[in-house]
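# Per-entry structural report
Take a look at the letters that make up each chain.
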Amino acid sequence: MVHNSQINDDNQTYFTSLIEMRKAHLTLMEQRLSKGLDTSDLLNCIFNFIVRAKNTGVLLGSEEDRSTAQTFLNYWSNELIRLDAPQDQWLDSILADYDQNKAPKLDDKDCPYPGLEVFKEADHNLFCGRTQLIQECLKKLESQQLLVVFGPPKSGKSSLVLAGLLPELKDGKLEGSKNWCYLKPTIPGSYLPNNLDNLTLEQIKLEQIKAGHEKTCNTVLVIDQFEDLFTLCIDEKSRKKFADNLLKLSNPENKIKIILTMRQDFKTYFENLSLLSHELFKNKDYVEVTSFTSSELKEATEIPAKRKGLQFEGDIVDKLVRDLVGEPMPLPLLQFVLMKLWEKREKNLITEKVYREVTGTPKPLGQSGVRWALSHTANDFYYDDKNLSPQEQQTLKRIFLQLLQPSVSSEVNSNRLQRKALYQESEDKEQTNRVIDKLSKANLLYLTKGTTLDDDQIEVVHPSLADSWHLLKSWLETEKSKMEDSLALSLDAEQWKRQGRNPDLLLNGKQIDQAHQLIKYAEASNVKYVGTSKCPTFLEKEFVKKSLRRRQINRVKRALGSLFILGLIIGLCSHFYIADLKESHNSLIKSQLENKDIIEVPIKIVSDKLENFENLLESNRQSIQQVEDIQRNAQQLLQEAKTTQEKVNKQLEMARKISQEAEDARKEASAKSGNFVWGILTGVVGTFVILFLLELYRKWKDS
């Protein structure tokens, strides 16, 4: 930004902006009307104005701005003609052509938009578009001591009071308000007892004296974010004392005007406070911050830009306004996109090319440019390795799921939490702080500074991020499913309790595993779902535990029953197997006996032949030749008999071995069958004993 009132270029002078030209125009008008200058001096001032205004055309790219500047030139050219000035002073009063090369380069610190920060009193000249609400506040404050400004989250309540109302009061817009004593704005905070000490009448009068005011002068006390009285203060007595002190201070005799800002969704919390009895609340005589109209959005965009010399090419502002009209919380979205456009400016100009780059072209169906810009920024930030490590990505996911939680309806609830509420024992505290600071720097989280670092309040830049950023949307859909499961578990547990803990109402099958996993997840992440009780409750834990135990008992019963049936089957199979062995053994013995009869027949034949031989030998003893022949025959017969006897002996030995092996096999089978049957009988008896003991244990537990 050029800080001087003019720019020197080729010995020519320029107004730095249309705003400065307008101020010079009004000053010159006052001088002419007051007749404080003689004619020659007035002519010189008018001529100098025309020269500077003509040359300022090189800086004005907007058609609207150029038209306004040419109107000023025409007015003062006519005035020169009326004053009979030389023709060369007024003849060529045409605005110079726009030249981007001669445009001033705006400095980063001269940004006309605060981004997600609240407008402070020093930003008064940049806070635009809320003239009607400021006038309404002034009117009410003129006739009452207590003014409450309600509004939706991120509707600009704090900015309205700090950058809009207070500067107007200090400028004397109310009678005598220029000389009032203005105390430093405060918030209830988590250290409410300390803040109570500063709310006494004596302390306030002491602050008046320190500020150089008399005790009798009017004093203005601003308490911002009054909902902290309910969200951060857990002590009911301190809360009531704080509210009572406010009512005492608002007594007209004390000449203290109190201004409160508070979220509209906390209005019902006044029911438990003495503030409700105040006439202010009975008559609903307070200010409600409404959503921006299209003309207010245009003012909030254009006027700060003109005051800093920033220009928009074409109809960029109109496009922004069309995107934002109808948004429930347009201010943070507007500031977010304007900051992104400012970062990509070319000298003092925001071009159409930059606008298309920031807002996306083409955009997804049904998604506005500002929402696309927000989701695109979040997506790029998450997946850029330079921004987050894998561990920090998990931390980011956890933080967003604590700040944005699904409800039983299709809406997503945005929470504002203290920094310390986002810490987890299982995670490094420094890592959590690092991710929060990175998200805040990227304009994805809105951070309100607290008394200490732990007291910083954190919230998502805009709830629309839950719908426009697809990754976050998928996380929330998973959480919604878990929340619905949690609600179903809570209802089942309550019904089980109402029915006298009827075991038939316990969970079965996959329901048990899902409930068990849900409780483990909730305990690990310290999650509390909107629309349900604190999760998990003692009743829900007991309900799931009983369901798990019943499933274990049923599994044991089924296992024992299976063992019993298996034992019976094995017993029957063993019985038939042993019977088959006995039958095989008997068949083998019978076969051996038959083989013995077959062997005895040839032995008998041999014996008969020997007997016949002896008879023959006795009858033919006298014939030697016959004897020798008979002897040879006998020897042959004896040799055959011996050979046959050896074969018989071998077969008998083999039969005895077979008989012995059969007998051993029979004994071994008999022994094994006896042991197996005894084992089966023992297992069956043991099974019945275990079932009996389990039944006794269950009855003892139920009693």
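Computed from a predicted structure; not experimentally measured.

### Digging into the overall build of the chain
- Within the chain, the secondary structure is distributed over 23 helices and 12 strands.
- Within the chain, buried positions represent 42% of all 703 residues.
- Carbon and sulfur atoms make up 52% of the accessible area of the chain, which totals about 39,600 Å².

### Comments concerning the packing of aromatic side chains
- Tallied over the entire structure, the rule returns 11 aromatic pairs.
- Between Tyr382 and Trp475, the ring centres sit 5.7 Å apart and the planes meet at 70°, which makes this aromatic pair edge-to-face. With Tyr382 in helix H16 (residues 369-383) and Trp475 in helix H20 (residues 470-498), this residue pair connects regions lying 93 residues apart in the sequence.
- We classify Trp475 as buried; its relative accessible area is 9%.
- A centroid spacing of 5.9 Å and a plane angle of 70° characterise the contact between Trp469 and Trp475, whose relative ring orientation is edge-to-face. Like Trp475, Trp469 is buried.

### Notes on the sheet that holds strand E1 (residues 146-151)
- Taken together, the five strands give an open sheet; going across it, the order is E2-E3-E4-E1-E5, and neighbouring strands pair in parallel fashion. Strand pairing shows two members of the sheet lacking a second neighbour, strand E2 (181-182) and strand E5 (287-288), which therefore form its edges.
- Alignment of E2 against strand E3 (residues 219-223), held across two bridges, turns out to be parallel. Residue Cys181 lies in a different strand from E3, and its bridge partner there is Thr219.
- Helix H6 (residues 157-170) contacts E1, E2, E3 and strand E4 (256-263) of the sheet and is inclined by roughly 160° relative to E4.

### Considerations on the sheet that holds strand E12 (residues 457-460)
- Read across the sheet, three strands follow the order E10-E12-E11 without closing on themselves; strand pairing throughout is antiparallel. Bordering the open sheet on either side are strand E10 (417-418) and strand E11 (445-448), each of which pairs with just one other strand.
- Sheet topology note: the E11/E12 ladder contains four bridges and is antiparallel. Each residue of the ladder has a partner; that of Leu445, found in E12, is Val460.
- Contacts from helix H18 (residues 429-441) reach E11 and E12, with the element oriented near 105° to E11.

### Details of the pairing of E4
- The element E4 is extensively covered by neighbouring structure, given that eight of its eight residues are classed as buried.
- Burial of the side chains of E4 extends over both faces: Ile256, Ile258, Leu260 and Met262 are buried on one face and Lys257, Ile259, Thr261 and Arg263 on the other.
- Pairing analysis gives six bridges linking E1 to E4, with the strands arranged parallel. Note on E4: the bridge partner recorded for Val149 is Thr261.
- Where E3 lies against E4, five bridges are found, and the strand directions are parallel. The residue of E4 that forms the bridge with Thr219 is Ile256.

### Some points on the nonpolar core
- Core analysis: the biggest nonpolar cluster contains 86 residues, and Leu169, Phe312, Leu341, Leu396, Phe400 and Trp469 have the highest contact counts within it.
- Among the elements that take part in this core, helix H14 (residues 330-343) stands out by supplying nine residues, more than any other.
- Once residues lying within four places of it in the same chain are set aside, the contact partners of Leu341 are Leu320, Ile350, Val354, Tyr355 and Val358.
- With 22 residues, the next largest nonpolar core counts Leu221, Leu229, Leu246 and Leu260 among its residues.

About the thresholds
Position numbers for residues count from 1 along each chain, tracking the sequence in the order it is written. Reporting of local features is limited, given that this is a predicted model, to residues whose pLDDT is at least 70; pairs of side-chain atoms are given and counted only at 80 or more, and all residues count toward the totals for whole chains, interfaces and linings. Side-chain numbers here rest on the full set of heavy atoms in the structure, without hydrogens or water. Numbering goes from the N terminus for both helices and strands, where a helix is a DSSP run of H or I of at least four residues and a strand is a run of E of at least two. Whether a residue is buried, partly exposed or exposed follows from its accessible area with a 1.4 Å probe, protein chains only, as a fraction of its type maximum: under 20%, in between, or over 50%, in that order. Surface exposure here means Shrake-Rupley accessible area, sampled with a 1.4 Å probe, where a residue is shielded only by the protein chains that are shown. Pairing of aromatic rings covers Phe, Tyr and Trp, the last through its six-membered ring, and needs centres within 6.5 Å; plane angles under 30 degrees mean stacked, over 60 mean edge-to-face, and all others mean tilted. Two strands pair under a simple rule: DSSP has to find at least two bridges between them. Only heavy atoms enter the contact rule, under which two residues are in contact if any of them lie within 4.5 Å. Fitting a line to C-alpha atoms yields each axis, with helices limited to the stretch in contact; the angle taken between N-to-C directions then spans 0 to 180 degrees. Side-chain atoms within 4.5 Å link the members of a nonpolar core, which is a set of buried Ala, Val, Leu, Ile, Met, Phe, Trp, Tyr and Cys residues.

These values are about where atoms sit, not about what they do.
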